[in-house]
Amino acid sequence: MTPEAPAPRRSDATRAAILDAARDRFAADGYERATIRAIARDAGIDPSMVMRYYGNKEGLFAAASEIDLRLPELGAMPGKHVGAVLVSHFLDRWEQDEVLTAMLRVGVTNTAGAERMRKVFKGQLLPVAAGVCPDPAEAERRAALAASQILGMALARYVLRIPPAVDMARDEVIAWLAPTIQRYLTAEAP
């Protein structure tokens, strides 16, 4: 007989409910307009519980905006596929995770959000670029160029919802962006 997994503690369920509500509220309202009261109401709890677990709005935002891009391992694949794999991966992520959209909205309007985006860039995208670019000393610049394309499409397609960007089929987006991402990350510097 296998032992049963312990039931989740009530505090874990409360934290999860708060984070879910915070992500939704930050995505819908942005950082400035989202309030602890509205988030607590959405989570079905008293606002004091949000403060108990996260201290303040900044602490809640930091927890709610934890992002793992789950970037694919690129080292083992042929270098000529890096751009297509990354663009495809990011399209999947943007379409499946509203936290990324919320972070992009907040990142362009709020200094805390922008700082959070910079940490994600430095901690997750930069190491990938360093692993595939021909000169690791150029990794920061190359990662920034790649991010400009990926974030630009995300802004146009998922935040601003510019019709031509929204209307493009996934394969079209990949066909247009992948060569640019590929060049930024793996081509010889101009």
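In what follows, the structure referred to is the one given above.
Residues numbered from 1 in each chain as written. Predicted model: local features only at pLDDT ≥ 70, side-chain atom pairs only at ≥ 80, totals over all residues. Heavy atoms only, no water.

K.L.:
Could you give an account of the overall build of the protein chain, with specific residues and numbers?
P.N.:
Helices and strands together make up the secondary structure of the protein chain, namely 10 helices and zero strands. Along the chain direction, N to C, the helices and strands of the protein chain fall in the order α-α-α-α-α-α-α-α-α-α. Counting only C-alpha atoms and orienting by the principal axes, one finds that the protein chain spans roughly 55 × 50 × 35 Å. Looking at the protein chain residue by residue over its 190 residues, the buried ones come to 42%. In the protein chain, the proportion of contacts linking residues at least 24 apart, taken out of those at least 6 apart, comes to 65%. Total accessible area on the protein chain stands at roughly 10,900 Å², and carbon and sulfur atoms take up 55% of it. For the protein chain, the distance from the average site of its 24 positive side-chain charges to the average site of its 24 negative ones is 4 Å. (Helix = DSSP H or I, 4+ residues; strand = E, 2+ residues; numbered from the N terminus. Buried < 20%, exposed > 50% of the residue type's maximum accessible area, 1.4 Å probe, protein only. Contact = heavy atoms within 4.5 Å. Areas by Shrake-Rupley, 256 points an atom, 1.4 Å probe, with all protein chains shown as cover. Lys, Arg positive; Asp, Glu negative; His and termini not counted. Charge placed at Lys NZ, Arg CZ, Asp CG, Glu CD.)

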